[in-house]
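Observations on chain architecture
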Amino acid sequence: MSAGLPPVSPPESEVELLARARALAGRTLGAVAGEHGVSAPPDLRRAKGFVGTLVERALGATAGSRAEPDFPALGVECKTLPVDARGVPCESTFVCTIALETMAGAEWEGSVVQRKLAKVLWVPVEGDRRLEVARRRLGEPLLWSPSSAEEAELRHDWEELSGLIGRGGVEQVRGELGRALQVRPKAAGSWSRRRALDAEGAFFATLPRGFYLRATFTARVLQAHYHLPGAAGAR
DNA sequence: TTGTGATCATCT
DNA sequence: AGATGATCACAA
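Computed from a predicted model, the values in this text were never measured in an experiment.

**A short note on the overall build of chain A**
When helices and strands are tallied, chain A shows six helices and eight strands. Going residue by residue from the N terminus, the α and β elements of chain A occur as α-α-α-β-β-α-β-β-α-β-β-β-β-α. Relative to its length of 235 residues, chain A is compact, with a C-alpha radius of gyration of 18 Å against a globular reference of 18 Å. C-alpha atoms of chain A, sized along the principal axes, occupy 55 × 45 × 35 Å. Each of the 235 residues in chain A was classed as buried or not, and the buried ones make up 40%.

If you want it as structure tokens, here you go:
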């Protein structure tokens, strides 16, 4: 998605942000894109970030890729979440890249993951790959902060995973680890390399990794806040 | 080149 | 079918 029409000014309050997000609910990506002078791609294979970037633009997020919340003044992170017809997330949610060299001694409080997930604006969007991107509709947004139980869960996983990485065990970390939070590659390709520390404290090059929220975790978040059809009955 | 926006493409 | 590991575009 390039250039486009004049940018939207940042929302001045949570109320305003939520109002803007609610105004998008039910609308198609094609319609929203048109209003901002961009066009929807036929599919997302070569435009994986299209939906997220479009929604941020529509909501007035400060453009660019920076290591701060999408709405710095509000401390809110915006995440689009592809869901199926039942409202169940189709994909995991990327949280942040992992600073492999500095995980040793890091603490949950103040960590990038803790700060990014402290307040999230979830924007569901139809994620059925068979649906033309321009026809996919946006859903009702949810301004969410982790419950104490959710935060405890996230913290538990984060401490296990970051501890392993901090002790030089990044190569031992697989996607299978973690109930809510997991570590997976985050790279342009399998040839990408980032500096990390091994168990002896020596540098070595390894695949860049990122923290992701499992789809099963975000499914529970949505279930707790929306009135969704029971997964058991439908088919 | 790196971080943010994520989804794709296989494998089990 | 669901999850893991791989991958794509863009801005700064």
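Read on for the rest.
**Side note on the packing of helix α5 (residues 148–166) against helix α6 (residues 215–225)**
For the pair α5 and α6, interaxial distance at closest approach is 12 Å and the crossing angle is 170°. With respect to α6, the element α5 is oriented roughly antiparallel. Residues E150, E153 and L154 of α5 form the contact with α6, whose participating residues are F217, R220 and V221. A per-class count over the contact of α5 with α6 returns three nonpolar, no polar and three charged.

**Notes on the protein's contact with DNA strand C**
Of all residues adjacent to DNA strand C, which total 19 residues, the nearest are K48, G175, R184, A187 and S190. In DNA strand C, the atoms that sit within 4 Å of the protein are 53% sugar and phosphate, with bases accounting for the remainder. Taking R174, its side chain carries an N or O atom lying 2.9 Å from a phosphate oxygen of DNA strand C. For DNA strand C, a phosphate oxygen lies 2.8 Å from a polar atom in the side chain of R214. The dominant element in the surface near DNA strand C, judged by the number of residues it contributes, is strand β5 (residues 181–185), at three residues. Class assignment for the residues of the surface near DNA strand C results in four nonpolar, seven polar and eight charged.

Cut-offs applied
- Residues numbered from 1 in each chain as written.
- Chains lettered and ligands numbered in written order.
- Predicted model: local features only at pLDDT ≥ 70, side-chain atom pairs only at ≥ 80, totals over all residues.
- Heavy atoms only, no water.
- Helix = DSSP H or I, 4+ residues; strand = E, 2+ residues; numbered from the N terminus.
- Rg over C-alpha atoms; globule rule 2.2 N^0.38 Å.
- Buried < 20%, exposed > 50% of the residue type's maximum accessible area, 1.4 Å probe, protein only.
- Axes fitted to C-alpha atoms, helices over the stretch in contact; angles between N-to-C directions.
- Parallel < 35°, antiparallel > 145°, perpendicular 65-115°, else oblique.
- Contact = heavy atoms within 4.5 Å.
- Nonpolar A, V, L, I, M, F, W, Y, C, P; charged D, E, K, R; others polar.
- Near = heavy atom within 4 Å.
- Polar contact = N/O pair within 3.5 Å; in protein donor to acceptor, adjacent residues only side chain to side chain.

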